[in-house]
Every structure is written in structure tokens, then in C-alpha cells.
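Observations on chain architecture
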Amino acid sequence: MIRPLASADIPALEALQNGVLGGSLPTRFGGSFFRLFYNTLLADPRFICAGFFWDGRLVGFLSATTDSAAMFESAFRKSRWAFARTVLASIVARPSRLRTLASLLPALRSPQRELGERVRAELLSFGVEPAYRGQSTFFESTGRRVSRELLAFVYDGLRSRGVRRVSAFVRPEEVDSFVNEFYLRADFLLVRRTVRLGIACNWYVRDL
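To keep things clear, this report deals only with the structure shown in the data block. (Residues numbered from 1 in each chain as written. Predicted model: local features only at pLDDT ≥ 70, side-chain atom pairs only at ≥ 80, totals over all residues. Heavy atoms only, no water.)

**Structural notes on the overall build of the protein chain**
The secondary structure content of the protein chain amounts to 9 helices and 7 strands. Rg of the C-alpha trace for the protein chain: 17 Å, near the compact-globule value of 17 Å for 208 residues, within the 12% margin. Projected onto the principal axes, the alpha-carbon positions of the protein chain cover approximately 45 × 35 × 35 Å. The buried share among the 208 residues of the protein chain stands at 47%. Relative to all contacts within the protein chain whose residues are 6 or more apart in sequence, the contacts with residues 24 or more apart total 70%. (Helix = DSSP H or I, 4+ residues; strand = E, 2+ residues; numbered from the N terminus. Rg over C-alpha atoms; globule rule 2.2 N^0.38 Å. Buried < 20%, exposed > 50% of the residue type's maximum accessible area, 1.4 Å probe, protein only. Contact = heavy atoms within 4.5 Å.)

**Topic: the pattern of salt bridges**
On inspection of all chains with the given rule, the structure shows 10 salt bridges. Note that Arg120 and Asp67 form a salt bridge whose closest N and O atoms lie 2.7 Å from each other. Of the two residues, Arg120 sits in the loop between α6 (111-115) and β4 (122-128) while Asp67 sits in the loop between β3 (57-65) and α3 (68-78), which places them 53 residues apart along the sequence. (Salt bridge = Lys/Arg side-chain N within 4 Å of Asp/Glu carboxyl O.)

**Overview of the layout of surface pockets**
Quantified by volume, the largest pocket comes out at close to 1400 Å³. For the largest pocket, the lining is made up of 50 residues, of which Leu21, Phe126, Phe169, Val179 and Tyr183 are closest to its centre. Elements with a contribution of two residues or more to the lining of the largest pocket: α2 (30-42), α3, α5 (97-109), β4, α8 (146-160), β5 (165-170), α9 (177-185) and β7 (199-207). If you tally residues by element for the lining of the largest pocket, the top one is β4, at 7 residues. A class-by-class count of the residues in the lining of the largest pocket yields 31 nonpolar, 10 polar and 9 charged. (1 Å grid on protein atoms, 1.4 Å probe; cavity = no way out; pocket = protein on both sides within 12 Å on 5 of 7 lines; lining within 4 Å. Points joined across faces, edges and corners; volume = space filled by probe spheres on them. Nonpolar A, V, L, I, M, F, W, Y, C, P; charged D, E, K, R; others polar.)

**Structural notes on the packing of aromatic side chains**
As enumerated under the stated definition, the model contains 18 aromatic pairs in all. Residues Phe37 and Phe72 carry aromatic rings whose centres are separated by 6.1 Å and whose planes lie at 35 degrees to one another, so their mutual orientation is tilted. Pair noted here: Phe37 is in helix α2 and Phe72 is in helix α3, with a separation of 35 residues, a long-range link. Summarising the burial analysis for this pair, Phe37 and Phe72 share the class buried. An aromatic cluster of at least three residues, connected via ring pairs, comprises Phe29, Phe33, Phe34, Phe37, Tyr38, Phe47, Phe72, Phe76 and Phe83. (Phe/Tyr/Trp six-rings, centres within 6.5 Å; stacked < 30°, edge-to-face > 60°.)

**Observations regarding α2**
When the terminal C-alpha atoms of α2 are compared, their 18 Å separation across 13 residues agrees well with the 18 Å that a helix rising 1.5 Å per residue should span. Buried residues of α2: Gly30, Phe33, Phe34, Leu36, Phe37, Tyr38, Thr40 and Leu41, and no others. (Expected span 1.5 Å × (residues − 1).)

**Regarding the sheet that holds β3**
Strands sit in the order β1-β2-β3-β4-β5-β7-β6 across an open sheet of 7 strands; the sheet is mixed. Every interior strand has two partners, whereas the edge strands, β1 (2-4) and β6 (189-196), have only one. Sheet twist, expressed as the average angle between the axes of neighbouring strands with direction ignored, equals 30 degrees. Relative to β7, β5 runs antiparallel, the two being bridged by 6 bridges. The residue of β7 that forms the bridge with Ser167 is Val205. In the packing of α2 onto the sheet, contacts are made with β2 (47-54), β3 and β4, and the angle to β2 comes to roughly 110 degrees. With respect to the sheet, α8 is in contact with β1, β2, β3, β4, β5 and β7, its orientation differing from that of β2 by roughly 150 degrees. (Pairing = 2+ DSSP bridges. Axes fitted to C-alpha atoms, helices over the stretch in contact; angles between N-to-C directions.)

Below, the structure is given as C-alpha cells:
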């Protein structure tokens, strides 16, 4: 079953995202930051977050936004003191996170400047447990393609909000060839190599 995620799903989402996407933005400053991040975004109508559940357990998810810069600007402005306290506590607990914050600040202040142009609709985080990916025993026994079903669900949500083109930012082929191949198979086109949130990546787009 696929459905939109709610605040009650955040503990399961945290476990899944730490397992399959450790190092992604929501996981970089610990559990309190993760929970604040998703509770804030889930209240924003520009945010879409879908989960694939099997036997009552979250095994895959995909998040997206209709306007990345506007959503994050609104979220961090609305909850800036809560984010500041949470990040500060995270850095006190682990001082090495200060370098992470320093690398992120320029991009968070002006994401369109980092890219050289404004990006609106964007796939944000996408993760599926290995046992539920393509060519797994789960796929062989059910024929279900979790990642494709999540994409289709989120595409419908984006289209219903007037989106006709969506971007995705992926670590380069030499870092993650599997994910790059996945997006190419899903009919995304490579725009160019760029920098997103301080990290070198490939910029893909797909018309909806």
C-alpha cells in the first residue's frame, strides 16, 4: 500500500532513512533535527511525502516539493529558533557537525544562486530497503516495483498541483552508478553536473 506519510510515521521514516540514506540532509544533525525537519515540512502544502507499506511496515518512501526554495525558506523562517536550538545541541553533542553546517549555510540561504537558476519542483529523498528493490525475492514473488510505484504516486501529486517538470539531484556516477542508471531508466534527462547543498551531483529533469 502507498499513502502519504503523516507525523505518526516519522519514527519509521527515521529508521528507514538512516538505514538507506545515511548522510542525507535530514539525518546529518541527529534524531531531534530529523523529527523537527519532517514535522515542519509535513505541514507545508508544497511538500509531498509518500510511503510504501508492506505487512504494515514502511519499506520505501519518496519525498518531493512543488517549489524547493520557497518551501525551505518558509520552513526555516517559521521554525528558525527551534531549528537553531536543535542544530546547536547537535553540534555540542558532536562538534564535527559544525563543518557540515558551514558547508550547508550558503546553499540554504540562496539555493537558486548555487545552481545558477531557480528550481521549483524537485524530488528530495528517495529510499527503498534493499530487500524490496528490483530483482529481489520480493519482486520475483509479487511483481511489485516499489520505486516505480512511489514515483507514479508522487508524479500524480505533483501534476495535481500544476507541476509539469521535476528535477532530481544525484551523486555522480563514480559515487553512485546504480541511482544514476535508475533515473535514466525512469526517463530522466541529464542536464549537467552541478553543486547542490554543497555537494557535487548530477542534475536530472523529467517532464510530467
